[in-house]
Amino acid sequence: MIDIFDDEITQMDENEARVEQEMSAAIQLKDSIRTLAKKCIGLSEDASLDEALKAFKKHSTSCIILTKDKKITGIFTERDIVLNVLGKRLDFSQSSIKDFMTPNPHTLRREDPISFALNMMVDGGFRHIPIVDNKNYPKGIISILNIVEHLGNVFQEEIMNLPPKPLREQNTQEGG
């Protein structure tokens, strides 16, 4: 009977150690975006809309980096599709993506701090920002979702244990 309790205590100690380790990996606003960057999907700016839409579906992404001579020239997102493509009765196989992309997007470097990325996203209304090297070659992409997901993973217990805030106040106690 005592062995069962010993196993439970050992497991509790291991869980506590794991939580402390996760907390040490928590990000700070001055930390580099290097750890949060994701692989970006790239296409030539001369690609067709059809190729771009197939890339969206194949890679389950909402953002494509467009390049010319390996250097970033634009970004094409779901927002560009909604605002610039839908409702125009285009032949997607004949329409070039460069006519609908956002040219010369703001970019970041891997060493830039998370606070700088967040500030740029909020000020510019961006959800995605390409990460480039010194030659302006795309090396990744960071999205607001990457940052929020990471914070959610690091502070999962705190978030999951927040008490609910009801939309309406109740005047009487509910139930029996």
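So, how was this worked out
- Residues numbered from 1 in each chain as written.
- Predicted model: local features only at pLDDT ≥ 70, side-chain atom pairs only at ≥ 80, totals over all residues.
- Heavy atoms only, no water.
- Pairing = 2+ DSSP bridges.
- Helix = DSSP H or I, 4+ residues; strand = E, 2+ residues; numbered from the N terminus.
- Core = buried A, V, L, I, M, F, W, Y, C linked by side-chain atoms within 4.5 Å.
- Buried < 20%, exposed > 50% of the residue type's maximum accessible area, 1.4 Å probe, protein only.
- Contact = heavy atoms within 4.5 Å.
- pLDDT = per-residue confidence, 0-100.

Some words on the sheet that holds strand 1 (residues 42-44)
Note: strands within a sheet are paired through backbone hydrogen bonds, in either parallel or antiparallel orientation.
Phase 1 of the analysis: Spatial strand order, 1-2-3-4: four strands in an open sheet with mixed pairing. The open sheet has two edge strands with one neighbour each: strand 1 and strand 4 (102-103).

Notes on the nonpolar core
Phase 1 of the analysis: Counting residues in each nonpolar core, the largest one holds 15 residues, and the members touching the most others are Leu-43, Ile-64, Leu-66, Phe-76 and Ile-97.
Phase 2 of the analysis: If you list the elements that add at least two residues to this core, you get helix 2 (49-59), strand 2 (63-68) and helix 3 (78-85).
Phase 3 of the analysis: With four residues, helix 2 is the single largest residue contributor to this core.
Phase 4 of the analysis: Other than its neighbours up to four places away in sequence, Ile-64 contacts Ile-41, Gly-42, Leu-43, Ala-52, Ala-55, Phe-56, Gly-74, Ile-75 and Phe-76.

So, the confidence of the model for the chain
Phase 1 of the analysis: Confidence along the chain averages 83 in pLDDT terms, with 82% of residues attaining 70 or more.
Phase 2 of the analysis: This model gives residues 19-24 a pLDDT under 50, and the stretch forms three contacts once residues within four places in sequence are excluded.

Some words on the pairing of strand 3 (residues 71-77)
Phase 1 of the analysis: Among the seven residues that make up strand 3, six are buried, leaving the element largely enclosed by the rest of the structure.
Phase 2 of the analysis: With six bridges joining them, strand 2 and strand 3 adopt antiparallel strand pairing. Considered in strand 3, the bridge of Cys-63 is made with Thr-77.
Phase 3 of the analysis: Looking at chain direction, strand 3 and strand 4 are connected through two bridges and run antiparallel. Among the inter-strand pairings, Gly-74 is bridged to a residue of strand 4, identified as Pro-103.

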